[in-house]
Amino acid sequence: MENYKIILFLCNWGAHTAYQALQDQGYRIPPEISMVRIPCTGRISKALLFKAFEMGADGVALVGCKPGTCRYGVGTNNAANFTEDTREILALLGLDKDRLQLATFLPDEVDGLRNFIEMFCDGIRSFGKSSIVPTHKEPAKEDRGVGSLAEILSVHNAYGCQDCGKCTSSCSLALTGKQFSPRAIAGALIAGDMNAKEIKEDIWACLTCGFCYDRCPSGVNFPDFICDIRALIKNKEDGDAHQAHGGFFQSLMRSMTSKDLVTDRWSQLPKDVKVDDKSKILFFGGCAPYFDKFFRIHLGVKTTDVLIDSLRLMNFFDITPAVMNAERCCGHDLLWSGDRENFLKLARLNVAKISEMGIEEVVTACPECYRTLALDYKRFGIEIDFKVTHMYEFLEQEIDKGAVAFNPMENPVTFQDSCRLNSFENLKDLPRKLIKRISPDQFEEMKDYKDVSMCCGSSAWTGCDAYSKAMQVKRLRQARETGSNRMITSCPKCQIHLQCAMEDPLLGDELKMETVDLTSVIRQTIRWE
């Protein structure tokens, strides 16, 4: 007999009164249920709802007050939105979204609550056990690829720091006024002071954008250094307090390390998009669909459009790629937030599946997926037997063959660099080259661009704070100063973070402008001559 685990989040007000009355009547609560009493259903965020599944729940019920009776006013409405978004994300993961349900009751609706509990438990039993295997903390393993502090300092030549300050004086975060210094972090680690502020706090604030690496006279690769130190800290302690959105995305990505999980990422493709599961070219999409579900209410982002436009462009050039029906995250955010072990699990699963499909080339439009697949897998000993190509490389190669023209853009545009693409010499100029192919006269650079371009303010869903927002506001002001009302981006997270800053209730229209990915711009304007 299967041992099911069902979490019942129960509001402390009307719903709990009905639950208590049910027990007073002698009703035996099903043994699968673990009840968690909460102040209001609106306080149970998407991160908490999903965390229950990551920790092994087969079903989660959020039970609260009827609309209009919430003691906190908007609790029931918030709960409905949080539940719906999380249900859609469960569906993308290949789990039945009815494993998560919201139900509301008045204090005297005892029979209704009993019926709901019984129907919900029956439903979970019919679905069977969840395919998400809980990720338990275990002692450090050698295959996590995490060395000792001394080894990390030596490998990255941190002892070569000249204390010149060029890193700090060029750091976008430090220039916003945050007391943050790469050389101070290096100094504290060399001194072995793991409890210093620079380690406990600032190690998670670093944007890993690479400015400091470009300017360091000793060639200290600070982003990779930070990556390894975060993994070292993560091995020794939890280290999750720094994560944005309650750690939702890290939790989501850890769940994808479950071998039996079969995601449902590509079943809703538009009919005009052609894919071929026999193709030797794979399009790797990334996590955009999860982002769109998570930010549906707050930002209304549509980063999934980038994936669809990428596939349409490949079809335009007579390429019918394969897609991985059970595609998982590449692992970028786990790697850069210190979870080396689960990053390696994802990497091995992805490479095994891609190899099993007989893929010779992987094309991706996501800068983070590109870096992770092309560089970081091999950096951590995961050998790949396929070529990795960024969508801009593919487009430039095809467009350069000729017979292609563009409908020019009517309004001025500017461009936001991706930190990850800027770290590749062969890629940093490609976006501008492509934009100028479309409308050279309508393109205006911001004050800081390319090698001195500002980060969008957050990396790997870590370290988001008031200084991050200050960076985003500064960047949007630079964009508006160009006279453009349209910002072209090359990374879905740049769109998300900058659109979030545009929601500032005080600055209002001063920051508002359209954001659109370059891939989508090309798809909208390209034509055969």
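In case you missed it, the structure is sitting above this.
First, a word on scope: everything that follows refers to the structure included in this document. (Residues numbered from 1 in each chain as written. Predicted model: local features only at pLDDT ≥ 70, side-chain atom pairs only at ≥ 80, totals over all residues. Heavy atoms only, no water.)

## A closer look at the overall build of the protein chain
Then comes step 1: The secondary structure content of the protein chain amounts to 24 helices and 13 strands.
Then comes step 2: With respect to the principal axes defined by its C-alpha atoms, the protein chain has extents near 75 × 60 × 50 Å.
Then comes step 3: Taken over 529 residues, the protein chain has a buried fraction of 58%.
Then comes step 4: By sequence separation, contacts in the protein chain at least 24 residues apart represent 81% of the contacts at least 6 residues apart.
Then comes step 5: Total accessible area on the protein chain is roughly 22200 Å²; 48% of this is exposed by carbon and sulfur atoms. (Helix = DSSP H or I, 4+ residues; strand = E, 2+ residues; numbered from the N terminus. Buried < 20%, exposed > 50% of the residue type's maximum accessible area, 1.4 Å probe, protein only. Contact = heavy atoms within 4.5 Å. Areas by Shrake-Rupley, 256 points an atom, 1.4 Å probe, with all protein chains shown as cover.)

## Section: the pattern of salt bridges
Then comes step 1: One pass over the structure, following the stated rule, counts 39 salt bridges.
Then comes step 2: For the salt bridge of Arg371 with Asp376, the shortest nitrogen-to-oxygen distance reads 2.9 Å.
Then comes step 3: Lys512 is the salt-bridge partner of Glu503, the closest N and O atoms lying 3.5 Å from each other.
Then comes step 4: Here the salt bridges do not stand alone but share partners, grouping Lys51, Glu54, Arg254 and Asp339 into one network. (Salt bridge = Lys/Arg side-chain N within 4 Å of Asp/Glu carboxyl O.)

## Looking at the packing of aromatic side chains
Then comes step 1: This structure, assessed with the given rule, holds 21 aromatic pairs.
Then comes step 2: Here the aromatic rings of Phe50 and Phe248 are separated by 5.6 Å at their centres, their planes lie at 55 degrees, and the arrangement is tilted. Linking Phe50 in helix H2 (residues 46–54) with Phe248 in helix H13 (residues 248–255), this pair joins segments that are 198 residues apart in sequence.
Then comes step 3: Relative to Phe380, the ring of Phe343 lies with its centre 5.8 Å away and its plane at 75 degrees, an arrangement referred to as edge-to-face. Note that Phe343 is positioned in helix H17 (residues 340–356) and Phe380 in the loop between helix H18 (367–379) and strand S8 (387–390), a separation of 37 residues in sequence. Considered together, Phe343 and Phe380 belong to a single accessibility category, that of buried residues.
Then comes step 4: Members of the aromatic cluster, each reached through a chain of ring pairs, are Phe50, Phe248, Phe249, Phe291, Phe294, Phe295 and Trp461.
Then comes step 5: The ring of Trp266 has Arg265 lying over it, and the distance from NZ or CZ to the ring centre is 5.0 Å. (Phe/Tyr/Trp six-rings, centres within 6.5 Å; stacked < 30°, edge-to-face > 60°. Lys NZ or Arg CZ within 6 Å of the ring centre and 35° of its normal.)

## Side note on the sheet that holds strand S2 (residues 33–38)
Then comes step 1: If you trace the 4 strands from one edge of the open sheet to the other, you get S2-S1-S3-S4, paired in parallel fashion. Each edge of the open sheet carries a strand with a single partner, namely S2 and strand S4 (100–105). Neighbour-to-neighbour, the strand axes of the sheet open up by a mean angle of 20 degrees, direction not taken into account.
Then comes step 2: Looking at chain direction, strand S1 (residues 6–11) and strand S3 (residues 59–65) are connected through 5 bridges and run parallel. Bridge assignment links Ile7 to a residue of S3, and that residue is Val60.
Then comes step 3: Running over the sheet, helix H1 (residues 14–24) touches S1, S2, S3 and S4 and is turned about 115 degrees from S1.
Then comes step 4: Of the strands in this sheet, S3 and S4 touch helix H3 (residues 75–92), which is tilted by about 160 degrees from S4. (Pairing = 2+ DSSP bridges. Axes fitted to C-alpha atoms, helices over the stretch in contact; angles between N-to-C directions.)

## Comments concerning the environment of Asp224
Then comes step 1: Within the secondary structure layout, Asp224 lies in helix H12 (residues 222–236).
Then comes step 2: Here Asp224 is in contact with His156, Trp336, Arg371 and Arg379, once residues within four sequence places are set aside.

## Describing H3
Turn by turn, an α-helix covers 3.6 residues, leaving residues three or four places apart pointing in a common direction.
Then comes step 1: Taking 1.5 Å of rise per residue, 18 residues should cover 26 Å, and H3 covers 26 Å from first to last C-alpha, within 8% of that figure.
Then comes step 2: Here the buried face of H3 lies against H2, S3, S4, H13 and helix H14 (288–294).
Then comes step 3: Looking one or two residues past H3, Gly94 carries a phi angle of roughly 90 degrees, positive in sign. (Expected span 1.5 Å × (residues − 1).)

## A closer look at the sheet that holds strand S6 (residues 322–323)
Then comes step 1: Reading across from one edge, S6-S5-S7-S8 is the order of the 4 strands in this open sheet, with parallel pairing throughout. Because the sheet does not close on itself, it has two edges, and the strands there are S6 and S8.
Then comes step 2: Direction of pairing for strand S5 (residues 281–284) relative to strand S7 (residues 361–364): parallel, over a ladder of 4 bridges. Across the sheet, the residue bridging to Phe283 is Val363, located in S7.
Then comes step 3: Contacts between H18 and the sheet are confined to S5, S7 and S8, with S8 contributing the most and set at about 160 degrees to the helix.

Everything listed here is a matter of coordinates, which is why it stays silent on function.
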